[in-house]
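Now for the letters of each chain:
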Amino acid sequence: MKKVLALVMALMLMALCGVATAEDAPKIGIAIYNFADNFMTLYRNELHRYLVEDLKIPEENVIIMDGKNDQAEQTNQIDGFIADNVDVMILNLVQTSSAASVIQKVDAAGIPTVFINREPTKEELDLSKLVCYVGADARQSGTFQGEIIAETENKGDFNGNGVVDYAMIMGDPENVDAQYRTEFSIKALEDAGLKVNKLYEQRGDWDQTKGQELAATVLTQFGNDVDVIFCNNDAMALGAYQAIVDNGRTVGKDIYLVGVDALDECQEMVKNGTMTGTVLNDHIGQSHTAADVALKAAKGEPMEQYYWVDYVKVTK
Ligand code: GAL
């Protein structure tokens, strides 16, 4: 009798402390598009930490796969999660164009799925009640980038020709983050009554090295005509910064540079003036929301279709 009582008390204590055993806790399949991506690394680490440390999901129930930027590889990983009968999936697709087929697949398998970071279209999300999107509205980040430039003393015009002459270094153009940041940063300048002139626009696929190469090309080709380099993310802005330094230009004195994500390094640069500004892409808010929604869905609770997390403007 005493033993039974002790066991019951131990179980109650475990329940009170929120300690789950692998059998009773949900099994979560997480697919990240590319472990090499700076921002998604912050996101992934926080998602794992939050699930394991704060939500007490046993480590073995949190399975995180690297899509290595290859959709075929990631599709195999998703098929693996389905075969493994996971309770819920959190998916950061390699190619958003694969969303419809993935949604049909998870719907047929009856596995609730939270899409993160790369937003499927509304029509795609409409295909199943078992899917939702957790993310930030990329239009907001673009608008903030444009506003940061419009709010500078010379309104983004160093060469004094009355026009903001800019170069745009884009992420992967299939991604709405890249499309909207490109569009809305310039729209914000125009909405502020400024004239704009696009000197250059190329895809840098979110990558620092590519950002550096493209910015070097811009500066060689257009020299002092360039007032602003817009980068769709901070990794590419870090690369662009190196090209700016190599070219003998100075951020804040003869050129402006903006990114998105607010990587620690870039926050420091904004503080010391070597970057004009960035926009916080809140990986903590997004990863926590994704995990909370996923755990509810694993229990069979219905999901909303969208969960939004705000961006935050970062200037000196
Ligand atoms: C964006 C982020 C980029 C990159 C991309 C991957 O939201 O700003 O740095 O991580 O997602 O899809």
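Please read all numbers here as calculations on a predicted model, not as lab measurements.

### Examining the nonpolar core
Here is step 1 of the chain: Ranked by size, the top nonpolar core spans 77 residues in total, and within it Leu51, Val114, Ile116, Ile229, Phe230 and Leu257 carry the most contacts.
Here is step 2 of the chain: Leu51 has contacts with Ile28, Ile30, Lys56, Ile57, Val62, Ala291 and Leu295, leaving out every residue within four places of it along the chain.
Here is step 3 of the chain: Judged by nonpolar contacts, the second largest core, of 16 residues, contains Ala31, Val106, Leu125 and Val131.

### A word on the sheet that holds strand 7 (residues 196-203)
Here is step 1 of the chain: The strand order across the open sheet formed by four strands is 7-6-8-9, and the pairing between neighbours is parallel. The open sheet has two edge strands with one neighbour each: strand 7 and strand 9 (256-258). Each neighbouring strand pair of the sheet contributes to a mean axis angle of 15 degrees, computed without reference to strand direction.
Here is step 2 of the chain: Here three bridges tie strand 8 (residues 228-231) to strand 9, and the two strands are oriented parallel to one another. Looking at strand 9, one finds that Phe230 is bridged to Val258.
Here is step 3 of the chain: Against the sheet, helix 7 (residues 176-191) contacts strand 6 (164-170), strand 7 and strand 8, and its axis sits at roughly 165 degrees relative to strand 6.

### Observations concerning the site of the ligand
Here is step 1 of the chain: Around the ligand, the neighbouring residues are Tyr33, Asp37, Phe39, Asn117, Arg118, Asn175, Asp177, Arg181, Trp206, Asn233, Asp261 and Asn281.
Here is step 2 of the chain: Separating an oxygen atom of the ligand from a side-chain N or O atom of Asn175 is a distance of 3.2 Å.
Here is step 3 of the chain: Take Arg181: an N or O atom from its side chain is 2.8 Å from an oxygen atom of the ligand.
Here is step 4 of the chain: Across the complex, the protein chains shield 99% of the 310 Å² of accessible surface that the ligand would expose by itself.
Here is step 5 of the chain: Classifying every residue of the shell around the ligand gives three nonpolar, four polar and five charged.

### Thoughts on the environment of Ile116
Here is step 1 of the chain: Here Ile116 is to be found in strand 4 (residues 113-116).
Here is step 2 of the chain: A C-alpha to C-alpha distance of 37 Å links Ile116 and Arg249, two positions 133 residues apart in sequence.
Here is step 3 of the chain: Residues in contact with Ile116, not counting those within four places in the same chain, are Ile32, Met40, Tyr43, Ile90, Leu91, Asn92, Tyr133, Val134 and Ala290.

Parameters and conventions
Position numbers for residues start from 1 in each chain and track the written sequence from start to end. Confidence filtering applies because this is a predicted model: local features only for residues at pLDDT of at least 70, side-chain atom pairs given and counted only at 80 or more, and all residues used for totals across whole chains, interfaces and linings. For side-chain calculations, the full set of non-hydrogen atoms in the structure is used, while hydrogens and water are omitted. As used in this record, nonpolar core signifies buried Ala, Val, Leu, Ile, Met, Phe, Trp, Tyr and Cys residues forming a set joined through side-chain atoms within 4.5 Å. Summary of the burial criterion: residues with accessible area below 20% of their type's maximum are buried, those above 50% are exposed, and those between are partly exposed, where the area comes from a 1.4 Å probe applied to protein chains only. We call two residues contacting when some pair of their heavy atoms lies within 4.5 Å. Think of it this way: DSSP has to see at least two bridges between two strands before they count as a pair. Numbered from the N terminus, helices here are DSSP runs of H or I no shorter than four residues, and strands are runs of E no shorter than two. Fitted lines through C-alpha atoms serve as axes, helices being fitted only where they are in contact, and the angles separating the N-to-C directions of these axes extend from 0 to 180 degrees. Note on terminology: near, applied to a residue and a molecule or strand, indicates that one of the residue's heavy atoms is within 4 Å of it. Polar contacts here mean pairs of N or O atoms no more than 3.5 Å apart (in protein, one a potential hydrogen donor and the other a potential acceptor; neighbouring residues in sequence count only if both atoms are side-chain atoms). In these tables, accessible area is a Shrake-Rupley quantity obtained with a 1.4 Å probe, and a residue counts as shielded only by the protein chains included in the view. Classes in brief: Ala, Val, Leu, Ile, Met, Phe, Trp, Tyr, Cys and Pro nonpolar; Asp, Glu, Lys and Arg charged; the others, Gly included, polar.

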